[in-house]
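# Close look at the chain arrangement
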Amino acid sequence: MSTENEGTAVPPAPSAPPVPVDAPASSAQPPAAPHQAPAAPHQAPAAPTAPPADAPTAQLPPTPPQASTSSQGHQPPDPSWPPPPPPAGTPSYGGGDGMGGGFGEGSGGGSGDGWGAAYQPPAPKSGRGRGGLVAGVLIAALVAGGLGGGLGYTLAKNNDDSGSTTVSASDSGGSLKRDAGTVAGVAQKALPSTVTIQAEGSNGEGGTGTGFVFDKQGHIVTNNHVVAEAVDGGKLSATFPDGKKYDAKVVGHAQGYDVAVIKLENAPSDLNPLPLGDSDKVAVGDSTIAIGAPFGLSNTVTTGIISAKNRPVASSDGSADSKASYMSALQTDASINPGNSGGPLLDAQGNVIGINSAIQSSSNGSFGTGQAGSIGLGFAIPVNQAEFVAKQLIKTGKPVYAKIGASVSLEETTNGAKLTEQGVGGSEPVEPGGPAADAGLKPGDVITKLDDRVIDSGPTLIGEIWTHAPGDKVTITYERSGKQHTAELTLGSKLGDD
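What you see as residue numbers is a count from 1 along each chain, following the sequence as written. Whole-chain, interface and lining totals are the exception, using all residues; otherwise, since this is a predicted model, local features are given only for residues with pLDDT of at least 70 and side-chain atom pairs are given and counted only at 80 or more. Each side-chain value is worked out from all heavy atoms of the structure, with water and hydrogens disregarded.

This part takes up the overall build of the protein chain. A tally of regular secondary structure across the protein chain gives five helices and 23 strands. Within the span of the protein chain, comprising 498 residues, buried residues form 54% of the whole. Summarising the internal contacts of the protein chain: among those between residues at least 6 apart in sequence, 76% fall at separations of at least 24. When the accessible surface of the protein chain is totalled, it reaches about 20200 Å², and 49% of it is carbon and sulfur. Segments assigned H or I by DSSP are reported as helices when at least four residues long, segments assigned E as strands when at least two residues long, and all are numbered from the N terminus. Remark: exposure states derive from per-residue accessible area (1.4 Å probe, protein chains only) relative to the maximum for the residue type, with buried under 20%, exposed over 50%, and partly exposed in between. Note on definitions: a residue-residue contact is assigned when non-hydrogen atoms from the two residues lie within 4.5 Å. The Shrake-Rupley method, run with a 1.4 Å probe, gives the accessible areas here. Residue values count only the displayed protein chains as cover.

Buried Ala, Val, Leu, Ile, Met, Phe, Trp, Tyr and Cys residues that are joined via side-chain atoms within 4.5 Å together make up what is termed a nonpolar core. With 58 residues, the main nonpolar core has Ile-447 and Leu-461 as its most contacted residues. If one sorts the elements of this core by residue count, helix H3 (residues 383–396) sits on top with six residues. Beyond its immediate chain neighbours, meaning those up to four positions away, Ile-447 contacts Ile-404, Gly-416, Ala-417, Leu-419, Leu-441, Ile-455, Leu-461, Ile-476, Thr-477 and Tyr-478. Residues Ile-220, Leu-236, Tyr-246 and Ala-260 belong to the second largest nonpolar core, which totals 17 residues.

Let's shift gears to helix H1 (residues 183–190). Listed as buried for H1 are Gly-185, Val-186, Ala-187 and Ala-190. Against the buried residues of H1 lie strand E4 (194–200), strand E10 (287–292), strand E11 (300–315) and strand E13 (344–346).

Attention shifts here to the pattern of salt bridges. Any Lys or Arg side-chain nitrogen found within 4 Å of a carboxyl oxygen on Asp or Glu counts as a salt bridge. Inspection of the entire model under this criterion finds four salt bridges. Glu-431 is paired through a salt bridge with Lys-403; the nearest N and O atoms lie 2.9 Å apart. Here Glu-431 is found in the loop between strand E18 (417–418) and helix H4 (435–438), whereas its partner Lys-403 is found in strand E16 (residues 400–403), with 28 residues between them in sequence. Taken as a pair, Glu-431 and Lys-403 share a single burial class, namely buried. When the shortest N-O distance is used, the salt bridge between Arg-453 and Glu-464 registers 2.9 Å. Of this pair, Arg-453 sits in strand E20 (residues 453–454) while Glu-464 sits in helix H5 (residues 458–465), placing them 11 residues apart in sequence.

Here it is as structure tokens:
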């Protein structure tokens, strides 16, 4: 998801499973791995007709071969990995004025394998439009900025010779030293550790995004779609609020998670990483502060609250062979616009609780850019997941995805995630020896819960699995022949996006 969109019409948000609100305050200590997502989504959407038997399928990540030091050649990627893109009609990432590199604009792969290979678009259904929704999963637009800071304003001075007498305050706006617990205090401390990112592809196209300092070594965390254009032969730079600009390079990027890490070249020695909170402990109603570069206006601070948790969201760049990203997102009403992508979502103490990534917006462009703006529906990747992904990218340059080793239908439904009767590209629908097979799951089973989280569709299942780390043990609730069953399984792993 991105904080920017290309003006593509975005459908109204569906009803979605609610979330618990009795959670303690966030902690400033960074977690070692993604935490389990809290339970109970919002009201489940009304159940439509069950999907047809020939529904399109997407393969969940297969179990990778065991690591080996042998000299055998690299195995070709499984055509079913990663998960497929949402159906046609999904809004694109962002970058409305032709700057294809911003938060993922134009970054969808065009090859026959990888993300798009396992997906076969569903046949059009007469009499009803999908409206950009995949089951109960919200299709949101990425919000990368395509302006590159190109907005300008003319300020006029009023010469008032009326002779009116005014009285000036002795101390405007309170103390110049802002209290730590105020929005001003949080912004004053956090802004020096945020950057505005300019990404430019080898074709000259690019866009604007945001990132934040992750460690003292010069690593910056942002969205994958912010830097995607600069991955192969492009240019990347990061500018701090004080105007200091640094060239940067991509250390690693994860398409599925929509997380990327870049590193500053000749990084300064006085970097102050932003403290990481605990996104699992965030409660609905908690205050939020977002920092970014909406429409190119760097170092912009907006405020709001956590509107919902565990919101299933899918995003892509809108092209036919687009690669998709899935998240179980934090929803906020803090104003997020094109250019905010990759910026930190902070709690009231200034701890990072998420990465601003996408918006659900009206289709009307703003400032003549053709890019739609905020209507109070912003989505952020929970920081517990983002931290785990970022550390893996810094360590190996590649993401690691949790998986159950089964093919799941992406057909629109609210009944659950159905394991398909046929695999993709001739593969088995339930991988022999994989986590799902070991737990006794079979083709045709319909997964309705993962731990205490309600699963209403295949994409929702993918997003929930990815809130976990490989090796986590989870409880699956599923239906078979009208009867409910439960099984425990240990999540497998898949290395890389290919």
